Structure formats: C-alpha cells, structure tokens
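Chain residues, written in single-letter form:
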Amino acid sequence: MATLQDFRDERLKKLEKLRSLGIDPFPARVGHIENRRPITEITTDFDELAGQRVTVAGRIVGIRKFGKIAFFVVKDFSGEMQLFMSGDHVEPLNSERGTIGMNELNLLDTGDFVAATGELIRTKTGEISVDVVELQLLTKALRPMPDRQGFTNKDERMRRRYIDMNVNGEVRDRFIRRSKFWQANRDFLNKNGFIEINTSVLEHTTGGADANPFRTHMDALGQDFYLRISHELPLKRLLGAGYEKVYDIGPRFRNENYSDEHLPEHVAMEWYAAYWDWQDGRDFMEEMYKYMLQETFGTLQFKIRGFDIDMSSQWEVKSYPDLIQERYGIDVYNTSLEEVGRALRDNKLEVEKNDSIPRGIDKLWKAVRADLGGPTWVINEPKFLSPLAKTADDGVSAQRFHPIIAGTELGNGFSELNDPEDQLARFMEQQQMRDAGDQEAQMLDIDFVEMLEYGMPPACGWGHSERVFWIFEGVTAREGVPFPQLRREIDTVTRAIYPEIKFE
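Since the structure is predicted, the reported quantities are computational estimates derived from the model, not experimental observations.

The subject of this paragraph is the overall build of the protein chain. Within the protein chain, the secondary structure is distributed over 15 helices and 19 strands. Considering only residue pairs separated by 6 or more positions, the protein chain has 65% of its internal contacts joining residues 24 or more positions apart. Measuring between centres, the 65 positive side-chain charges of the protein chain sit 7 Å from its 85 negative side-chain charges.

Structure representation (structure tokens):
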C-alpha cells in the first residue's frame, strides 16, 4: 500500500518533469487569470454566459481520463465546476505562456491549482463545464489532500486546520460566520456612534479582569511587560481623554487552563459610553445581542445544551445574592471562609489552600449559573467581586449586570467606578489578595488612579469574548477558532522527509 511519502516522491518526479519542459510549477505571474470569475457566479449566470469565453481558477479535486478526453473538477472558495478537455480543443504546451496541453495532463494531480479558459458549455450529461482551450498550472501540490472519511482524528484536524477546512465544508463555513459575528459587532457599535480605537497589547500593569497574565520582556526598554488580560483600563483612559463612545476588538491573553469555554488567547470586544449607567447598558446590549445573532445565524431561536433559547423574548432579571442563598443557604455579605469551604466540599466543588471568600463564592456561583437557561440578567453582584464597578444604593452590591444564556456567562457590564479614592481602596484589597497568593487578583494600577484624579465622566462599560459565538455556534473553544494552540508535534513523515532539520 502506497504511503504518503510514496505519493510525495511521485509528485516530486512530476515537478522535475514540468520544470524540464520549461513550466514553472509556482509561477510568479499568473497571466490571464485576472479575468477569472467565481465559479458559483458563472454557474448561476449560465443562461447569460453560455457560449462565452470564461476563466476559472481553483484546486483540482477530481480527475477522470478517457483516452483523448479528460474531466477535471476544480474548486474555488465559492464552489466546484467541471473542466472538459479534448485533444482537438486544448492548446499544446507553451512554456512561454506557462500553459500545458493534453500530453502533459498526467503531470497534474488532485490538490494542484490550475487556471482554465474556454467556452462555457453544458455537456451531454447536463454538466455545466468549461470547454478548455488554455490550461495553466498555478501551484503543484506535493502532498495529496486526504478525503473526509480518512481525516477524522480530532487532534490531527486541529493541527492541520487548512486540511480540515478543505475537506469539511461545515468547518470552513463556521469561520465565515465567525467573521460575520465580529462584523456585526462593529456595524452595530458604529451605527450607534461608537469609535473603534485599538489599544496596546503590552502593558506595564495589566488589569480589568481576574486572570493570571502572561509575562514577556521588552529589550528596547529593559523592562518586563504583560500581555493584556482585558481592554478595559486603556479604554477608560480614553474616556478621561475626552472620547465619549469607544470600543476595541482584538486578542486578549489569560494564562490559564484550556476548557470547552476558555482559551488562553481569544478575541474579545469591549465598549465604554460616557454618561450612561448600567440600566442604559442593559437596554443597549439586549438590542445588540439580537442584531449580532440575527446577522450571524439568521435566527434568534436556538437549542443549546438542552435549553430552548429565544433571544427575541423578554429577558429575566435575577439577583446574585438571592440565587446563592436559595442554593446554599449562604448570605454572601455575612459569611465565613469556613462556611463557604463547607458548601464547596458538600457540592463536590474544588477547594484550594489560597481560596478567599470572594474566590469561594465565585466557584459556588458558577455551579448555580449552569442551571439557568436564559436569557437572564443577573444583577446585584457583591461589590467585593466587582473592583471596577460603581456601588449600588444598598452600599454592598455593584451596579453590574451579567447575561446568562444556556448555563454560561456571556458578557460583563457595569456602571464604571470613577471615584479615585474608592478605586485605590479596592485596588489595595485586590493587591492584598495577590500578595496572599491569588495570582488572578487584579494589580494595583496607580497610573489609572492618577487618570481618575484628573476626572473621568460617569460611564457604563461592557465586554464579551468570542465565547458568545462558540456557544451559539454549538462548538467548544478549540473548535471555534481557526488555529488553536496545541503541544508542538512533528509527524514521522515530515521528520523522515527532512532528516537534516533538528526539530527538537
């Protein structure tokens, strides 16, 4: 049975033969294909274009030869089409033009990219085809593309996503929807007067979320920096600079474990609006959710994890302390670390040595939210869990709102704290947690406090990540990004092909 290396060796021989004929298998200039049209455009407009000269380009996905005629199937991004070739129609080899004739067809393989020009016809079997006159090789593929049935190993699919997207159309289409999702985010915000301003990924002090950051070093300054864990603090500095509606879409980095809902690197969006409060933010986000989901998926009705979700319905509103009290009998404002730890153990939840009351309650909360279908707004989160949010009228909770959909939290918003003394005190509390061993507690950002002392207007802020897309798409985090990080591995075939390379 032929191996991958056998196929590659055979294709290398064809490569050298093409070169010996004066054909560049990887031409820098691709001649006449600037006039090409997408395949689906040609097939859709067949009645109008029939009999006309057309040019298509794409990857060969099928080859059939019968004596002096041949049929190729080529695929571009839009679809597939048949090329019909017969000896009396196809022009012979012309190395100056980079075209090949019927005699050289045996030097082509599936996976190669070609451009074909000829009359648009319908064959005797009714197949829309190009009756090829000129055939140009654009790229010679040295490895055959596996078929769908032979490419099912999940780890292998993740490592070679470029193959996965070729052989599994639904995977390729997923990332078209992902693009639509982020475009819908931009469109909605732009239509509502927001300005997109991209901020730095490298930060002296990182903050805006509870997460362990990645650390790196900048040689030019001789200092360590962090990869941002949130867009929040730079965007709020822009409010202090005089902007009133700003947002940023881009990657953020959290040095934590993989899960079905989390990746250490992922794309997120945050917006901030001056002179809004959390009630304005909730109303705005209900409309934004409807817009971006309708634009991405074409519906507002979903079935996710056994929940029937109607995003066009009225959102429920539930109180965070009440949900904890109902489930565990714990008053979040009047409890002890021992009581929280006991509830964690009784419910078979993780207990760690450096757990604090805030960390323990957050773990209890995550078990509660798993049972909420939604769409639900959860409000009245304790102030000690919200170091950047304004205090509510009760003095102990924050003006904060979370959307819970299908048992998971799909965003975070609050009235922004703009009292510099209060902010400094909360940063100090977080720093004490860090000093006690909590690597996810927020850092003390004195520059941000200085900005608040110059004055930041009252504002509401919101953030969500591409987890929103993953949940509604119905995939895990790794399945929801084009190229997920995996442990580095070099397969045995590649090691054998390139013995001179030291891979370790």
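Turning our eyes to something else, we now look at the side chain of E261. Here E261 shows up in the loop between β10 (245-253) and β11 (265-274). Using a relative accessible area of 14% as the deciding quantity, one classes E261 as buried. Within polar-contact distance, the side chain of E261 engages the side chain of R305 at 2.5 Å. Here T408 takes part through its side chain, which lies 2.6 Å from a polar atom of the side chain of E261. Apart from residues no more than four positions distant in its own chain, E261 is found in contact with R305, T408, R467, W470, I471 and A477.

Let us look at the packing of helix α6 (residues 169-191) against helix α8 (residues 278-297). At a minimum axis separation of 8 Å, α6 and α8 run at an interaxial angle of 140 degrees. Classified by the interaxial angle, the pair formed by α6 and α8 is oblique. At the point where α6 passes α8, the crossing takes the right-handed sense. Contacts between α6 and α8 involve R177, K180, F181, A184, N185, D187, F188, L189 and K191 on the former and, on the latter, F284, E287, M288, Y291, M292, E295, T296 and F297.

It is worth spelling out the sheet that holds strand β8 (residues 215-218) at this point. Read across the sheet, 3 strands follow the order β7-β9-β8 without closing on themselves; strand pairing throughout is antiparallel. The strands lining the two open edges of the sheet, one partner per strand, are β7 (202-203) and β8. Of the pairings in the sheet, the one linking β7 to strand β9 (residues 223-227) comprises 2 bridges and is antiparallel in character. Residue pairing across strands places E203 opposite Y226, the latter belonging to β9.

Attention shifts here to the nonpolar core. The biggest cluster of nonpolar side chains holds 43 residues, and the ones touching the most others in it are W271, F284, M288, Y289, M311, I405 and F472. Of all the elements, α8 adds the most residues to this core, at 8 residues. Filtering out sequence-adjacent residues up to four positions away, F472 remains in contact with L293, F297, F302, I304, M311, I405 and L410.

Here we take up the pattern of salt bridges. Under the definition given, this model contains 37 salt bridges. The residue R237 makes a salt bridge to D445 at a minimum N-O spacing of 3.1 Å. Of this pair, R237 sits in helix α7 (residues 232-240) while D445 sits in the loop between α12 (420-435) and α13 (446-454), and the two are 208 residues apart along the sequence. With a relative accessible area of 5%, D445 lands in the buried category.

This next bit is on the environment of G413. Within the secondary structure layout, G413 lies in strand β18 (residues 412-415). Exposure remark for G413: the relative accessible area of 0% places this residue in the buried category. In sequence terms G413 and W278 are 135 residues apart; their C-alpha atoms lie 7.0 Å from each other.

Two faces belong to every sheet, and in a regular strand the side chains alternate between them. By the bridge criterion, 4 bridges tie strand β12 (residues 301-304) to strand β13 (residues 307-310) in an arrangement that is antiparallel. Residue pairing in the sheet places Q301 in a bridge with D310 of β13. Here β12 hands over to β13 after 2 residues, with R305 in that stretch at a positive phi of 55 degrees.

Checked against the element boundaries, N185 lands in helix α6. Since its relative accessible area comes to 0%, N185 is described here as buried. Those residues in contact with N185 that lie beyond four places of it in its chain are I249, M269, M288, M292 and H464.

The subject of this paragraph is a negative patch on the surface. On the surface, a cluster of negative charge is made up of D419, E421, E450 and E453. On the secondary structure map, E421 appears in helix α12. You can call E421 exposed: its relative accessible area is 67%.

Let us look at the packing of helix α9 (residues 320-328) against helix α11 (residues 357-369). Axis separation between α9 and α11 bottoms out at 10 Å; the angle between their running directions is 80 degrees. In terms of orientation, α9 and α11 fall into the roughly perpendicular class. On α11, the residues that touch Y320, L323, I324, R327 and Y328 of α9 are I361, D362, L364, W365, A367 and V368. In terms of residue class, the contact of α9 with α11 is built from 9 nonpolar, no polar and 2 charged.

Scoring rules and cut-offs
- Residues numbered from 1 in each chain as written.
- Predicted model: local features only at pLDDT ≥ 70, side-chain atom pairs only at ≥ 80, totals over all residues.
- Heavy atoms only, no water.
- Helix = DSSP H or I, 4+ residues; strand = E, 2+ residues; numbered from the N terminus.
- Contact = heavy atoms within 4.5 Å.
- Lys, Arg positive; Asp, Glu negative; His and termini not counted.
- Charge placed at Lys NZ, Arg CZ, Asp CG, Glu CD.
- Buried < 20%, exposed > 50% of the residue type's maximum accessible area, 1.4 Å probe, protein only.
- Polar contact = N/O pair within 3.5 Å; in protein donor to acceptor, adjacent residues only side chain to side chain.
- Axes fitted to C-alpha atoms, helices over the stretch in contact; angles between N-to-C directions.
- Parallel < 35°, antiparallel > 145°, perpendicular 65-115°, else oblique.
- Left-handed = near helix turned anticlockwise from the far one by under 90°.
- Pairing = 2+ DSSP bridges.
- Core = buried A, V, L, I, M, F, W, Y, C linked by side-chain atoms within 4.5 Å.
- Salt bridge = Lys/Arg side-chain N within 4 Å of Asp/Glu carboxyl O.
- Patch = residues over 30% accessible without salt bridge, like charges linked within 9 Å, V, L, I, M, F, W, Y side chains within 5 Å.
- Areas by Shrake-Rupley, 256 points an atom, 1.4 Å probe, with all protein chains shown as cover.
- Nonpolar A, V, L, I, M, F, W, Y, C, P; charged D, E, K, R; others polar.

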